[in-house]
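Understanding the architecture of this molecule
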Amino acid sequence: MYIMAYSLVMMDSIIQKCTTLSHIKQVQAHLLTTGQFNLPFSPFRTRLLEHCALSSSSSSSSSSPHLPYAAHIHRHIPHASTNDFNALLRGLARGPHPTHALSFLPTIPQPDALSFSFSLIASARVLALSETCQIHSHILRRGCYADMLLGTTLIDAYAKCSDLDSAQYVFDEIPLRDVAAWNALIVGLAQGSKSNEALDLFFRMRAEGVKINEVSVLGSLAACSQLGALRAGERVHACVRKMNLDMNVQVCNAVIDMYAKCGFADKGFGIFSTMTCGKSVVTWNTMIMAFAMNGNGCRALELFEEMGRRQIEMDSLTYLAVLCACNHAGLVDEGVKLFDEMSSARGGVSRNVKHYGSVVDLLGRAGRLDEAYRIINTMSVVPDVVLWQSLLGACKTYGNVEMAETASRKLVEMGSNSCGDFVLLSNVYAAQERWEDVGRVREAMKRRDVRKVPGFSYIEVGGLIHKFVNGDQSHPHWREIYAKLDEIRFRIKALGYVAETSLVLHDIGEEDKENALCHHSEKLAVAFGLISCSEGIPVRVNKNLRICGDCHVAIKLISKIYGREIIVRDRARFHRFKDGSCSCRDYW
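The paragraphs below set out a description of the structure included in this document. Owing to the predicted nature of the structure, the values given are computational and were not obtained by experimental measurement.

Moving on, we come to the overall build of the chain. Scanning the chain for helices and strands turns up 30 helices and six strands. Seen through its principal axes, the chain has C-alpha atoms that stretch 95 × 55 × 55 Å. Each of the 588 residues in the chain was classed as buried or not, and the buried ones make up 49%. Of the contacts formed within the chain by residues at least 6 apart in sequence, a portion of 64% connects residues at least 24 apart. In the chain, the 64 positive side-chain charges and the 60 negative ones have mean positions that sit 3 Å from each other.

Moving on, we come to the packing of aromatic side chains. Overall, the coordinates contain twelve aromatic pairs when judged by the stated rule. Here the aromatic rings of Tyr-373 and Trp-388 are separated by 6.2 Å at their centres, their planes lie at 65°, and the arrangement is edge-to-face. Of the two residues, Tyr-373 sits in helix α22 (residues 369-378) while Trp-388 sits in helix α23 (residues 385-398), which places them 15 residues apart along the sequence. Since its relative accessible area comes to 28%, Tyr-373 is described here as partly exposed. When the ring of Trp-478 is compared with that of Tyr-482, the centres are 5.6 Å apart and the planes differ by 85°; the resulting orientation is edge-to-face. A residue pair is termed a helical-turn pair when its members lie 3 or 4 positions apart in one helix, as Trp-478 and Tyr-482 do in helix α27 (residues 478-494) at four residues. On the basis of relative accessible area, Tyr-482 is assigned to the buried category, the value being 12%.

Let us now look at the packing of helix α17 (residues 281-293) against helix α18 (residues 297-309). Relative to each other, α17 and α18 sit at 160°, their axes nearing to 7 Å. With respect to each other, α17 and α18 are oriented roughly antiparallel. With respect to the hand of their crossing, α17 and α18 are arranged in left-handed fashion. Within the contact between the two elements, α17 uses Val-281, Trp-284, Met-287, Ile-288, Phe-291 and Ala-292 and α18 uses Gly-297, Arg-299, Ala-300, Leu-303, Phe-304, Glu-306 and Met-307. The class makeup of the residues in the contact of α17 with α18 is ten nonpolar, one polar and two charged.

So, about the side chain of Asp-84. Mapped onto the secondary structure, Asp-84 falls in helix α5 (residues 82-94). Looking at Asp-84, the relative accessible area reads 0%, which means it is buried. Leave out the neighbours within four places in its chain, and Asp-84 touches Arg-45, Thr-46, Leu-49, His-74 and Ile-77.

This paragraph deals with the pattern of salt bridges. Going through the model one piece at a time under the given rule, you end up with 23 salt bridges. For the salt bridge of Glu-522 with Lys-543, the shortest nitrogen-to-oxygen distance reads 2.9 Å. With a gap of 21 residues between them, Glu-522 in helix α29 (residues 521-532) and Lys-543 in strand β3 (residues 539-543) connect regions that are remote in the sequence. Side by side, Glu-522 and Lys-543 carry an identical accessibility label, which is buried. Three or more residues joined by partner-sharing salt bridges are found here, namely Glu-405, Arg-434, Asp-437 and Arg-440.

So, about the sheet that holds strand β6 (residues 581-582). The strand order across the open sheet built from six strands is β2-β1-β3-β4-β5-β6, with neighbouring strands paired in mixed fashion. Each of the sheet's edge strands pairs with one partner strand only, and the pair in question is β2 (464-469) and β6. As judged from the three bridges shared by strand β1 (residues 456-461) and β3, these two strands associate in the antiparallel manner. Looking at β3, one finds that Ile-459 is bridged to Val-541.

On to the packing of helix α25 (residues 419-431) against helix α26 (residues 435-447). Where α25 contacts α26, the two axes come as close as 8 Å, and the packing angle between them is 165°. One element, α25, and the other, α26, form an angle in the roughly antiparallel class. Both α25 and α26 take part in a crossing whose hand is left-handed. When α25 is examined against α26, the residues Phe-422, Leu-425, Ser-426, Tyr-429 and Ala-430 are found in contact with a partner set consisting of Trp-435, Asp-437, Val-438, Arg-440, Val-441, Ala-444 and Met-445. Grouping the amino acids of the contact of α25 with α26 by side-chain chemistry returns nine nonpolar, one polar and two charged.

On to the nonpolar core, then. The nonpolar side chains of a soluble globular protein tend to be buried with one another. Residues Ile-139, Ile-155, Phe-202, Val-217, Ile-288 and Leu-391 are the most contacted members of the largest nonpolar core, which totals 153 residues. For this core, the element with the most residues is helix α19 (residues 316-329), which contributes nine residues. Listed in part, the 34 residues of the second largest apolar core include Ile-481, Tyr-482, Ala-527 and Phe-528.

If you check helix α13 (residues 214-227), its first and last C-alpha atoms are 20 Å apart, about what 14 residues at 1.5 Å a residue would give, namely 20 Å. Taken residue by residue, α13 has Ser-216, Val-217, Gly-219, Ser-220, Leu-221, Ala-223, Cys-224, Ser-225 and Leu-227 as its buried positions. Where α13 begins, one side-chain oxygen reaches toward the backbone nitrogen of Val-215, 3.1 Å away; that side chain belongs to Asn-213. Immediately downstream of α13, the backbone of Gly-228 shows phi near 65°, a positive value.

Thresholds, definitions, all that
- Residues numbered from 1 in each chain as written.
- Predicted model: local features only at pLDDT ≥ 70, side-chain atom pairs only at ≥ 80, totals over all residues.
- Heavy atoms only, no water.
- Helix = DSSP H or I, 4+ residues; strand = E, 2+ residues; numbered from the N terminus.
- Buried < 20%, exposed > 50% of the residue type's maximum accessible area, 1.4 Å probe, protein only.
- Contact = heavy atoms within 4.5 Å.
- Lys, Arg positive; Asp, Glu negative; His and termini not counted.
- Charge placed at Lys NZ, Arg CZ, Asp CG, Glu CD.
- Phe/Tyr/Trp six-rings, centres within 6.5 Å; stacked < 30°, edge-to-face > 60°.
- Axes fitted to C-alpha atoms, helices over the stretch in contact; angles between N-to-C directions.
- Parallel < 35°, antiparallel > 145°, perpendicular 65-115°, else oblique.
- Left-handed = near helix turned anticlockwise from the far one by under 90°.
- Nonpolar A, V, L, I, M, F, W, Y, C, P; charged D, E, K, R; others polar.
- Salt bridge = Lys/Arg side-chain N within 4 Å of Asp/Glu carboxyl O.
- Pairing = 2+ DSSP bridges.
- Core = buried A, V, L, I, M, F, W, Y, C linked by side-chain atoms within 4.5 Å.
- Expected span 1.5 Å × (residues − 1).
- Polar contact = N/O pair within 3.5 Å; in protein donor to acceptor, adjacent residues only side chain to side chain.

Listed below in structure tokens is the structure:
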């Protein structure tokens, strides 16, 4: 027995040193001449097969000879064991063509828990929900459900295939759960836009005494970032400190990102300045982007310059972050200069379509539409939909109908079917009171079955998330909210507020347009915040779309009248309203 164990260790060491196909063939020849290759159960053969199958699994190319040769070895085994099948299956699942693993599974005479686990890895990689369900039914029939690793892999596969209900069902049903099972569902919920559920699960995990790890906090911090849930984020950060997980640079990056997306870039900078683990380029990029989205372009530029002084190698994301900072802060000349510098000796970073998109947006917001249009037509890469959408948005801001129509035609040619494209063009026409053209755009939307993404806003009060849609009357306190809105409308009108009814894309009366604007989701959330939040506490609102122009004007006046700081995080950035002005300086 000891001799066998020693031989296995020796052979395993030899197999691990096989780096070429020639080496693999030499070991195979040894197994054949010693008779070990043809045994019904041969651990040496299985190890060789697994090594051969996995040696090419990290390659993105199917031209590597190792995985096909592993299949060749497998075909010549007279009586392959389940372990042999699993060795090849594992390589197929992790290789460049995971679907091959799914077609290989039915050929295994007696699949076990590992067979199903490797197959689920493959189905998760190709987002194959139907195959995941089929594998799940095989698991139930063969009684493998008690395997802890298999249960975790099944949760992960369902989550990655966006079937979060099934992932939750499996989690609830498996008899034993390790930390990996909890993490799989937390990450799946966070990535699947069920951030509240992800946080509930994280805190339930803590309450049940399950020891958290880096993956646990990364998933929960991502959920906090999506929601802008500061209190929950601070609780997760406290867990990070308590468990000494802040020695992990990825965790520190996630904490910085969380504070930034909750509107506290300075708190994120505090983490950045004091972290004891080494900063990666991702850390610097995260901090620059944090300042960018919070409208502090000057500090973002300072940090960028510090990277240069410290000779930290910048990548394409570094330049994208600093260009976004210039974009949000209206630093047009600085942004154009950085864009021009990218391919120089200082930067040495190739421009990609996102860099072009950022500078086109920067110029468009500044009203330099001709320059933006010229860049699109002369760029070294093929323009994507986002560039033309940025130009279309700028045309809407500056009322350039002719260029808006050009951008709209390009979007149609590229097959874009986004509701935003049609809405922007409608806005351009509506601002010019060209209602016939507005109607034509709406008819085109109907023909293409394009539907406008509904806007919604939410606010955290007392640890609970309150969500509002336009004209919402579903909240338990909707009557008080609407009464507060009436009060707000009366008081801001006294300061000269006039509703921007040109933003309403319906040919209806001015009073109806004003009422429609008054009940936008962000105004409902702000009114609820004024009712519910104590004096001195900022009102924090999150919106899934960009804040509308009328709401932006109104909230500036609300911040002045009520003496409250109001922070709105929209799809692109933060707007910090205080004393009648906004941190974006009306450049958004």
